[in-house]
Amino acid sequence: MTDCIFCKIGAGEIPAKFVYEDEDIVAFPDIQPQRPVHILVIPRRHIVSLAEATPSDEALMGRMLGVANRIATSQGSTDGFRVIINTGPIGGQEVMHLHMHIVGGPDPVGPMLKRV
Ligand code: 5GP
Ligand code: ZN
């Protein structure tokens, strides 16, 4: 999709240091890391968000989770990590191309914010 920053990263048009890549998926460090390990996993293909994904995207998203697990370990979050998929305005999604955040250690990520 034109004017989508993550499509451009996936296509190699904007530089990012891939820590993983295959035909369908790339992973690279977040430009503004929130934790010592903070990697984004994206499909190369434009999917707007988890809310817009269809059943035909589910195998790809399953593979993204497997990639996330292996990357978290190889990037040094060996004792657990958190995967976050911000979705839509309620979820605080800023880049409208599906992505998984992997955030991790060495220290615990901490509790999710309580807002109820
Ligand atoms: P969201 O809030 O949409 O879940 O998160 C988008 C994330 O993408 C943010 O954490 C932001 O720092 C990251 N980001 C935005 N633009 C770029 C970029 O050009 N390169 C990289 N590596 N990360 C980006
Ligand atoms: Zn895109």
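Attention in this report is confined to the structure presented alongside it. (Residues numbered from 1 in each chain as written. Chains lettered and ligands numbered in written order. Predicted model: local features only at pLDDT ≥ 70, side-chain atom pairs only at ≥ 80, totals over all residues. Heavy atoms only, no water.)

So, about the coordination of the zinc ion (ligand 2). Around the zinc ion (ligand 2), the protein contributes the donor atoms Cys4 (SG), Cys7 (SG), His46 (ND1) and His97 (ND1), which lie 2.0 to 2.3 Å from the metal centre. Judged by relative accessible area, which is 10%, Cys7 ranks as buried. (Donors = N, O, S within 2.8 Å, 3.2 Å for Na, K, Ca; no water. Buried < 20%, exposed > 50% of the residue type's maximum accessible area, 1.4 Å probe, protein only.)

Right, let's get into the sheet that holds strand 4 (residues 81-84). In any sheet, the strands associate via hydrogen bonds between backbone groups, in a parallel or an antiparallel arrangement. With respect to topology, five strands assemble into an open sheet ordered 1-2-3-5-4, the strand pairing being antiparallel. Here the strands that pair on one side only, and so sit at the sheet edges, are strand 1 (20-21) and strand 4. For strand 1 and strand 2 (residues 25-29), the ladder comprises two bridges, and the chain directions are antiparallel. Looking at strand 2, one finds that Tyr20 is bridged to Ala27. (Pairing = 2+ DSSP bridges. Helix = DSSP H or I, 4+ residues; strand = E, 2+ residues; numbered from the N terminus.)

A separate point is the nonpolar core. Counting 16 residues, the largest nonpolar core has Ile25, Ile39, Val41, Met64, Ile71 and Ile102 as its most contacted members. Sorting the residues of this core by element identifies strand 2, strand 3 (37-43), helix 2 (58-74) and strand 5 (100-104) as the ones contributing at least two each. A per-element tally of this core places helix 2 first, with seven residues. Among all residues touching Ile25, those that are not within four sequence positions of it are Tyr20, Val41, Ile42, Pro43, Arg44, Leu60, Arg63, Met64 and Val67. Core analysis: the next-biggest nonpolar cluster, separate from the first, contains eight residues, Cys7, Ile9, Val26 and Leu40 among them. (Core = buried A, V, L, I, M, F, W, Y, C linked by side-chain atoms within 4.5 Å. Contact = heavy atoms within 4.5 Å.)

Right, let's get into the site of ligand 1. Contacts to ligand 1 come from 16 residues, most closely from Asp30, Asn86, Glu94, His99 and His101. The contact in question runs from an oxygen atom of ligand 1 to an N or O atom on the side chain of Asp30, over 2.5 Å. At a separation of 3.3 Å, an oxygen atom of ligand 1 approaches a polar backbone atom of Gly92. Against a free-state accessible area of 530 Å², the protein chains account for coverage of 84% of ligand 1. Listing elements by their share of the shell around ligand 1, those giving two or more residues are helix 1 (5-10) and strand 2. The leading source of residues in the shell around ligand 1 is helix 1, at three residues. Residue classes in the shell around ligand 1 are distributed as eight nonpolar, six polar and two charged. (Near = heavy atom within 4 Å. Polar contact = N/O pair within 3.5 Å; in protein donor to acceptor, adjacent residues only side chain to side chain. Areas by Shrake-Rupley, 256 points an atom, 1.4 Å probe, with all protein chains shown as cover. Nonpolar A, V, L, I, M, F, W, Y, C, P; charged D, E, K, R; others polar.)

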